[in-house]
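Structural overview for review
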Amino acid sequence: MIFNTDTAKKTAELLLQINAIKLNPKNPFTWASGWKSPIYCDNRITLSFPPIRNYLREEFAKNIEKQFGKPDVIAGVATGAIGIGMLVAEIMGLPFVYVRPEPKKHGRENQVEGFLQKGQNVLVVEDLISTGKSSLQAIEALKAAGANVKGMVAIFTYGFDIAEKNFKDANIEVYTLGNYDMLLKEAVARQYITEDEYDTLKEWRKSPSTWGVEVE
Ligand SMILES: O=P(O)(O)OC[C@H]1O[C@H](OP(=O)(O)OP(=O)(O)O)[C@H](O)[C@@H]1O
Ligand SMILES: O=C(O)c1cc(=O)[nH]c(=O)[nH]1
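Residues numbered from 1 in each chain as written. Chains lettered and ligands numbered in written order. Predicted model: local features only at pLDDT ≥ 70, side-chain atom pairs only at ≥ 80, totals over all residues. Heavy atoms only, no water.

Stated formally: UniProt positions are given in the numbering used here, feature names are shortened, and annotations may be inferred rather than shown by experiment.
With an unreviewed UniProt entry as reference, the protein is termed Orotate phosphoribosyltransferase, source organism Flavobacterium saliperosum. Under Pathway (unreviewed entry), UniProt gives the following word-for-word description of the protein: "Pyrimidine metabolism; UMP biosynthesis via de novo pathway; UMP from orotate: step 1/2."

Shown next, in the form of structure tokens:
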């Protein structure tokens, strides 16, 4: 669920403005889930633009307090949300930890990096939700470390049913700054995409897990 439509519209505008949205239907992107996709939203690019990362962290901080109250700790999902998560922690004056996809294989062999005490209220920051698998893995690791996960926020979600089901099953409340529907609307309004690209994106969105998969 988006925090609100104004923020979702502005987030879409900003992502388009800095070319964080990449389209390549002829040579599809492979996602973390293994799905093939004509679109890739690279939120990492936002960190390279101070006014844009400031907007994102301020919107996160304001809306996190409103929806969840003030947590004890902010956790970023590695690697995409380490930067933005840390910026949110900084502006909220909170401690920060980050969560690796799996425990490190040497050193202290941690999956959760930083100082976290059992029973602390943790708010998870993710950069992007596709299937939600990466976020939920991080949430499981935080719970295993004794955290009380209050909820999760992300810059962007594709709004897939599978992600909504995954978060519902895990009883995790999720809010995002932006989403796919608003992005598509803004991309059309600003003529950022051609009619052919719009048709491809609409077709892809009907069945993203099978799009681009060669049938033998
Ligand atoms: O909802 P999901 O299907 O899990 O996909 C979304 C995840 O994919 C990306 O991470 P990626 O694995 O590419 O790694 P990175 O964050 O290190 O770039 C993104 O940062 C999310 O964490
Ligand atoms: O699912 C993914 O791996 C993914 C999709 C996307 O649009 N952007 C991204 O960073 N990851």
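Once you've had a look at it, read on.
1. A short note on the side chain of Thr131
Heads up, the condition is: Per the convention used, a helix needs a DSSP run of H or I reaching at least four residues, while a strand needs a run of E reaching at least two, with both numbered from the N terminus. Summary of the burial criterion: residues with accessible area below 20% of their type's maximum are buried, those above 50% are exposed, and those between are partly exposed, where the area comes from a 1.4 Å probe applied to protein chains only. Identification of polar contacts relies on pairs of N or O atoms within 3.5 Å, with a donor-acceptor requirement for protein atoms, meaning one able to donate a hydrogen and the other able to accept it, and with residues adjacent in sequence counted only if both atoms are side-chain atoms. What makes two residues a contact is simply this: any of their non-hydrogen atoms within 4.5 Å.
Residue placement: Thr131 occurs in the loop between β8 (121–129) and α4 (133–144). Exposure remark for Thr131: the relative accessible area of 12% places this residue in the buried category. A distance of 3.2 Å separates the side chain of Thr131 from the backbone nitrogen of Lys133, its partner in a polar contact. In this structure, Thr131 is in contact with Ser33, Trp35, Ile162, Ala163 and Asn166, ignoring residues within four places of it in sequence.

2. A closer look at the site of ligand 2
Our working rule: If even one non-hydrogen atom of a residue comes within 4 Å of a molecule or strand, that residue is called near it. In short, Shrake-Rupley with a 1.4 Å probe defines the accessible areas, and a residue's cover is counted only from the protein chains shown. Polar here means any residue outside two lists: the nonpolar Ala, Val, Leu, Ile, Met, Phe, Trp, Tyr, Cys and Pro, and the charged Asp, Glu, Lys and Arg; Gly therefore counts as polar.
In the region of ligand 2, the neighbouring residues are Trp31, Ala32, Tyr40, Cys41, Arg44, Leu128, Ser130 and Tyr158. Between ligand 2 and Ala32 there is a distance of 2.7 Å, counted from an oxygen atom to a backbone nitrogen or oxygen. Tyr158 places a side-chain nitrogen or oxygen 2.5 Å from an oxygen atom of ligand 2. Taking 290 Å² as the accessible area of ligand 2 by itself, protein coverage stands at 93%. Considered class by class, the residues forming the shell around ligand 2 number 6 nonpolar, 1 polar and 1 charged.

3. Focus on the environment of Thr7
The topology assignment puts Thr7 in helix α1 (residues 5–17). Sequence-distant contacts of Thr7, defined by excluding residues within four places in its chain, comprise Tyr55, Glu59 and Leu177.

4. What about the sheet that holds strand β9 (residues 148–157)?
Here is the rule: What makes two strands pair is DSSP finding at least two bridges between them. Orientation is described by lines fitted to C-alpha atoms, with helices fitted over the stretch in contact, and by angles between N-to-C directions that extend from 0 to 180 degrees.
Across the sheet, 6 strands lie side by side as β7-β6-β5-β8-β9-β10; this open sheet has mixed pairing. Taken across any chain shown, the strands that pair with only one partner, and hence form the sheet edges, are β7 (112–113) and β10 (174–179). Pairing between β8 and β9: 8 bridges, direction parallel. When the bridges of β9 are listed, Leu128 appears paired with Phe156. Where α4 meets the sheet, its contacts fall on β5 (73–77), β6 (96–99), β7, β8 and β9, and the angle it forms with β8 comes to roughly 160°.

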